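# Topology and contacts: notes
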Amino acid sequence: MVAVSACSSGTGGGESDQPDKVEVFSWWDGPGESEGYSALIAYFKQQNANVQFINASVAGGAGTNARAVLASRLDANDPPDSYQIHAGLELASDVRAGKVEDLAYLYERNGWLDKFPRALLDAVTVDGKIYAVPVAIHRSNLLWYNPATLRAAGIARPPGTWAEFLADATTLKAKNLTALSIGPGWTQKHLLENVLLGELGAERYTGLWNGRTTWRSAEVTAAVETFRRVMDVSDLETYGGDWQSALDKVVAGTAAYTVMGDWADAYFGRAKGLRFTADYDVVVSPGTAGVFNFLSDTFTLPKGAPHRAAAESWLTACGSPEGQDAFSVQKRAIAARVDADKSKYNDYLTTAMAAWQDPATVVVGSLTHGVVADTERNSQLDTALAALVGGGDVAAFVASVAAMFG
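What counts and what doesn't
- Residues numbered from 1 in each chain as written.
- Predicted model: local features only at pLDDT ≥ 70, side-chain atom pairs only at ≥ 80, totals over all residues.
- Heavy atoms only, no water.
- Helix = DSSP H or I, 4+ residues; strand = E, 2+ residues; numbered from the N terminus.
- Rg over C-alpha atoms; globule rule 2.2 N^0.38 Å.
- Buried < 20%, exposed > 50% of the residue type's maximum accessible area, 1.4 Å probe, protein only.
- Contact = heavy atoms within 4.5 Å.
- Areas by Shrake-Rupley, 256 points an atom, 1.4 Å probe, with all protein chains shown as cover.
- Core = buried A, V, L, I, M, F, W, Y, C linked by side-chain atoms within 4.5 Å.
- Arc of directions from axis to C-beta.
- Salt bridge = Lys/Arg side-chain N within 4 Å of Asp/Glu carboxyl O.
- Pairing = 2+ DSSP bridges.

To continue, consider the overall build of the chain. Check the secondary structure of the chain and you find 17 helices and 13 strands. The C-alpha atoms of the chain give a radius of gyration of 21 Å, which matches the 22 Å a tight globule of 406 residues would have. Taking the principal axes of its C-alpha atoms as reference, the chain extends roughly 65 × 45 × 40 Å. The 406 residues of the chain split such that 56% are buried. Across the chain, every contact between residues at least 6 apart in sequence was considered, and the portion connecting residues at least 24 apart equals 78%. In the form shown here, the chain has an accessible surface area of approximately 15,500 Å², with 50% of it arising from carbon and sulfur atoms.

The phi dihedral of N77 is positive, around 55 degrees, even though this residue is not glycine. On the secondary structure map, N77 appears in the loop between α2 (64-75) and β3 (82-86). Positive phi outside glycine occurs at N176, with the angle close to 60 degrees. If you trace the backbone, N176 turns up in the loop between α7 (162-174) and β8 (178-180).

Turning our eyes to something else, we now look at the environment of I137. Within the element layout of this structure, I137 appears in strand β6 (residues 133-139). For I137, a relative accessible area of 0% corresponds to the buried category. Along the chain, I137 and V259 lie 122 residues apart, while their C-alpha atoms are 17 Å from each other. Dropping the residues within four chain positions of it, I137 is found in contact with L120, F292, F294, L295, S296, A333, I334, A335, A336 and W356.

Now for the nonpolar core. Counting 130 residues, the largest nonpolar core has L191, L196, W209, W215, Y257, W314 and F397 as its most contacted members. Setting aside chain neighbours within four positions, we find L196 in contact with G201, Y205, L208, W209, W215, A223 and V224.

Let us now look at helix α15 (residues 348-357). Within the span of α15, buried status applies to Y348, L349, A352, M353, A355 and W356. What you see down the axis of α15 is that its buried residues fit within an arc of 160 degrees, all on one side.

This brings us to the pattern of salt bridges. Evaluation of the coordinates by the stated rule reveals 16 salt bridges. D339 is paired through a salt bridge with R337; the nearest N and O atoms lie 2.8 Å apart. For D339, a relative accessible area of 35% translates into the label partly exposed. R337 gets classed as buried once you look at its relative accessible area, which sits at 9%. Overlapping salt bridges, with partners in common, bring together E101, R109, R308 and E312 in one network.

A few words now on helix α11 (residues 243-252). An α-helix turns once per 3.6 residues; consequently, residues spaced three or four apart project the same way. Buried within α11 are the following residues: W243, Q244, A246, L247 and V250. Considered in projection along α11, the buried side chains sweep an arc of 155 degrees and stay on one side of the axis. Those residues of α11 that are buried lie in contact with β7 (142-145), α8 (185-200), β9 (255-259) and α12 (263-271). Trailing α11 by a residue or two, G253 shows a phi angle of about 85 degrees, which is positive.

The next thing to look at is the pairing of strand β2 (residues 52-55). On any regular strand, side chains alternate: one points to one face of the sheet, the next to the other face. Strand direction decides the pairing type here: strand β1 (residues 21-25) and β2, joined by 4 bridges, are parallel. Its bridge partner being in β2, V24 is matched across the sheet by N55.

Below is the structure:
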């Protein structure tokens, strides 16, 4: 039972510690995202009937728009009671800026320290302190497709490499079909990270972000060239909307493939009512067999949260097995906890959970979704990528990113 108490552990607190409301800030506002969030909110309300939940969501895939609004609020000392952020270096940016509180006491109170994978705990820990509660694990490196479109084009199976993908693109073009549907800038970066992963392999991909792989190498330049060729067979010139619009083209059969995280499963299956494997299907993105490119959404306790006790109860719901199962099954993610009820995870999620828990799986972190790059570097990379996609040359892009990561 999650209950709001009139007092709190830990330090700090906002101007008013009234437990009658809680404002939670997120970017889960659209179809394929809001269903899971609504299920988590419903669980919280069930356990905390006396608390008014204020949903301060800001639309925009991957939090692109939300983070700008949030930054303005935090700078103005007007924090929500909790806000969504990605585990990893994106979270670490806010920790270094002094925006969030240490939640180790909440982990100890709820007995969570052995309920999350060690690698995930590490991704929310800075200098020995824990700063967020993970609600789910998502996989970035997925290639979604419409089986009927491939059959009509005479393509027997999805590509296992990016070279095979480009060969498929030639076949599809002859049928007046687009090989790849794409969305706004963040989806283009999401594609970039998975082309780099597929072309370079897990070790060298990880090295791009920790300095062990030089961006100036011939292999990296070749991988970026491959990304540009993949973008050339996309619908870049005609895309509109966010990530859902890219998936709509796969549903309609005008585009064969899209690279998107497993929240796409919620959009196809929940929002569109389609049947997994019959109406839509998925494989790992080309070249990434045996690799899990992970990201994790988390919630924080901002310094100066106006309703601290209610915020703690929200975080407790986020970290509970019931809350995580309610959220993840609808969001089509894997619960962050190791003791999730596996019987609730079916269809696509069966394979995702098996891969995540397989000791042989190589786990790497997402660039786009904040695991391997902090907010500042990700913003700088956005600028460089926009120039490349807008007609810039590969050499200039590589040189620009090399100045950031080495």
